[in-house]
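Understanding the architecture of this molecule
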Amino acid sequence: VQLEESGEGLVQAGGSLKLACVASGLTYKFYHMGWFRRSPGKDREFVARISKDGDSTTYADSVKGRFTISRNNAVNTLYLQMNSLKPEDTAIYYCAAEALLNKGSYYSPEAYDYWGQGTQVAVSS
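Residues numbered from 1 in each chain as written. Predicted model: local features only at pLDDT ≥ 70, side-chain atom pairs only at ≥ 80, totals over all residues. Heavy atoms only, no water.

A word on the sheet that holds strand β8 (residues 77–82)
Taken together, four strands build an open sheet; the order of strands is β1-β3-β8-β7 and the sheet is antiparallel. Sheet topology places β1 (2–6) and β7 (67–72) at the edges, where each strand pairs with a single neighbour. For this sheet, the mean angle separating the axes of adjacent strands, direction not counted, is 15°. Two strands pair when backbone bridges link them, and β1 and strand β3 (residues 17–24) are joined in this way by five bridges, in the antiparallel orientation. The residue bridging Gln2 from the neighbouring strand is Ser24, located in β3. (Pairing = 2+ DSSP bridges. Helix = DSSP H or I, 4+ residues; strand = E, 2+ residues; numbered from the N terminus. Axes fitted to C-alpha atoms, helices over the stretch in contact; angles between N-to-C directions.)

This is how it looks when you write it as C-alpha cells:
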C-alpha cells in the first residue's frame, strides 16, 4: 500500500493551497480517508475525514469553514483544499486510510492503518 501526498508549498496568510494524495495497492473505494497534520513540537492532530463514498465529511473546529476534503474514487485520489490559511496551519500534512475494521474514533491516528510520508505546508504572516 502506498499513499503519496503532493501540493506542498509556502504561502502568505490568507492564501490557498490544494493538497492531493494518490493511493495505490489497496481498493481505495472501500476506505474512509483522513487528513492529519503535525506542527513542530506537537502531536499529530486530526484535520478532516471523508467517508468512502464521499457523502460524509468531518472537520476539526480549527479548520471548519476554511478547508474542504474531497475524493475522486475513479482516480484513487484524496484532496484537501485549504483556503484563508493562517500561520498556525503550518505543519506537515499526512493523508491516511482508515482501518477497515473499526479501531476506534476516527479523530485518533490509531484508527488508521496506512499513512503517506507527509507534505510540508508553511504559511507566513
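So, next bit.
So, the state of the cysteines
Counted by the stated rule, this structure contains one disulfide. The disulfide that involves Cys21 links it to Cys95, with 2.0 Å between the sulfurs. What sets the handedness of the Cys21 and Cys95 disulfide is the S-S torsion sign, and at about 55° it is right-handed. Placement of the pair is Cys21 in strand β3 and Cys95 in strand β9 (residues 91–98), with a sequence separation of 74 residues. By relative accessible area, which is 0% here, Cys95 ends up buried. (Disulfide = S-S within 2.5 Å. Buried < 20%, exposed > 50% of the residue type's maximum accessible area, 1.4 Å probe, protein only.)

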